Amino acid sequence: MFIGIGTVINIGAILVGSALGVLLGNRFSEERRSLITDVLGLITLVSGASSIVSLWSSDVTEAFPRGWPFLIVLFSLLIGALIGNTAQIEKRLENSGAWLQKKLGGSSSTTFVQGFMAASLVFAIGPLAILGSISDGMSRGIDQLLLKSTLDLFASIAFAATFGWGVAASAIAVGMYQGLWTVIGLFLGSILNTYQVDLMTAVGGILLLGIGSRLLQLKQIRVGDLLPALFVVPLLATAIHQFV
């Protein structure tokens, strides 16, 4: 095997699941597709809540006084939001989805972009994407990415049944994101402390709540603009850890 094979397998799982979902989706009524989207939204909320629990992990509570982890996450999200909004990440993601839809074809640009956005964020955000990719880069195995690939396979079937081929296009975003973390694992080794990963996981959980809210049509939170918070939080945590 070679470094990066975990992400390659993950991409393959998303593409296979998307193809199956598109084939099955044609047999689903609009009401059934809407119900599937609601289920995905609820599951995403549960996944987000599960990730946020890491904010109170033993490593985090030992590294910071009470109350500080919450402030770190809060300011990471605020700083990330400013960076993301200035860089117009959400708009760029939407434009990328629209461009891919135009190149690959599709009956509904809106549905394609929705599928691309939702699937990209759901598949990329989360502890397995980060930890699994770093582990792959450090040649410590791909067990975590194999688990993620299995989960993404079934999730992409459900997503594609509703949103179509836009879900398959999300494999590009997943490949780029996980590839970045694999390179970090390859060249920098064990760079992140456990408390940093836990805080990143908590931030990722909050972003997942935003995605769930969008899927359930509760609030169209600009989750894409919040993505820089995932990179801000380990840096901010390291800086604050030196003084508290």
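The structure reproduced in this document is the subject of the present report. All figures in this text were calculated on a predicted structure; none of them were measured in a lab.

What counts, and at which threshold
Residues numbered from 1 in each chain as written. Predicted model: local features only at pLDDT ≥ 70, side-chain atom pairs only at ≥ 80, totals over all residues. Heavy atoms only, no water. Helix = DSSP H or I, 4+ residues; strand = E, 2+ residues; numbered from the N terminus. Rg over C-alpha atoms; globule rule 2.2 N^0.38 Å. Buried < 20%, exposed > 50% of the residue type's maximum accessible area, 1.4 Å probe, protein only. Contact = heavy atoms within 4.5 Å. Core = buried A, V, L, I, M, F, W, Y, C linked by side-chain atoms within 4.5 Å. Axes fitted to C-alpha atoms, helices over the stretch in contact; angles between N-to-C directions. Parallel < 35°, antiparallel > 145°, perpendicular 65-115°, else oblique. Left-handed = near helix turned anticlockwise from the far one by under 90°. Nonpolar A, V, L, I, M, F, W, Y, C, P; charged D, E, K, R; others polar. Phe/Tyr/Trp six-rings, centres within 6.5 Å; stacked < 30°, edge-to-face > 60°.

1. Section: the overall build of the protein
Stage number 1. Within the protein one finds eleven helices and zero strands.
Stage number 2. Scanning the protein from its N terminus toward the C terminus, one meets helices and strands in the order α-α-α-α-α-α-α-α-α-α-α.
Stage number 3. For 244 residues, the compact-globule estimate of 2.2 N^0.38 gives 18 Å, and the protein sits close to it at 18 Å.
Stage number 4. Here the protein holds 244 residues, and 51% of them are scored as buried.
Stage number 5. Sequence separation of 24 or more characterises 81% of the internal contacts of the protein that already satisfy a separation of 6 or more.

2. So, the nonpolar core
Stage number 1. Of all hydrophobic cores here, the largest spans 52 residues; its most connected members are Phe64, Phe123, Ile125, Phe159 and Leu199.
Stage number 2. A total of nine residues in this core trace back to one element, the largest contributor, which is helix α10 (residues 194–215).
Stage number 3. Ignoring any residue separated from it by four or fewer positions in sequence, one finds Phe159 in contact with Leu40, Ala118, Val122, Phe123, Gly164, Val167 and Leu215.
Stage number 4. Judged by nonpolar contacts, the second largest core, of five residues, contains Phe112, Phe116, Met117 and Ala169.

3. Notes on the environment of Leu42
Stage number 1. Counting through the fold element by element, Leu42 comes out in helix α2 (residues 30–52).
Stage number 2. Accessibility expressed as a relative area gives 49% for Leu42, which makes it partly exposed.
Stage number 3. Separated by 127 residues in sequence, Leu42 and Ala169 place their C-alpha atoms 23 Å apart.

4. Details of the packing of α2 against helix α8 (residues 143–163)
Stage number 1. The geometry of α2 relative to α8 is characterised by a closest axis approach of 9 Å and an angle of 140° between their N-to-C directions. As judged from the angle between their axes, α2 and α8 are oblique. The two elements α2 and α8 cross, and the hand of that crossing is left-handed. Along its contact with α2, which presents Arg33, Ile36, Thr37 and Leu40, the element α8 presents Ala158, Phe159, Ala161, Thr162 and Phe163.
Stage number 2. In terms of residue class, the contact of α2 with α8 is built from six nonpolar, two polar and one charged.

5. Let's talk about the packing of aromatic side chains
Stage number 1. Summed over all chains, the structure comprises five aromatic pairs.
Stage number 2. Pairing Phe64 with Tyr195 gives two aromatic rings, centres 5.4 Å apart and planes at 80°, and the pair type is edge-to-face. Taken together, the residues span a long stretch of sequence, with Phe64 in the loop between α3 (58–63) and α4 (68–87) and Tyr195 in helix α10 at a distance of 131 residues. Considered together, Phe64 and Tyr195 belong to a single accessibility category, that of buried residues.
Stage number 3. Considering the side-chain rings of Tyr177 and Trp181, the 6.5 Å spacing of their centres and the 75° angle between planes classify their relative orientation as edge-to-face. Within this pair, Tyr177 and its partner Trp181 are both found in helix α9 (residues 166–188), separated by four residues, close to a single helical turn. A single burial state applies to Tyr177 and to Trp181, both of which are buried.
Stage number 4. An aromatic cluster is defined as three or more aromatic residues linked by ring pairs; in this entry it consists of Phe123, Phe159 and Phe163.

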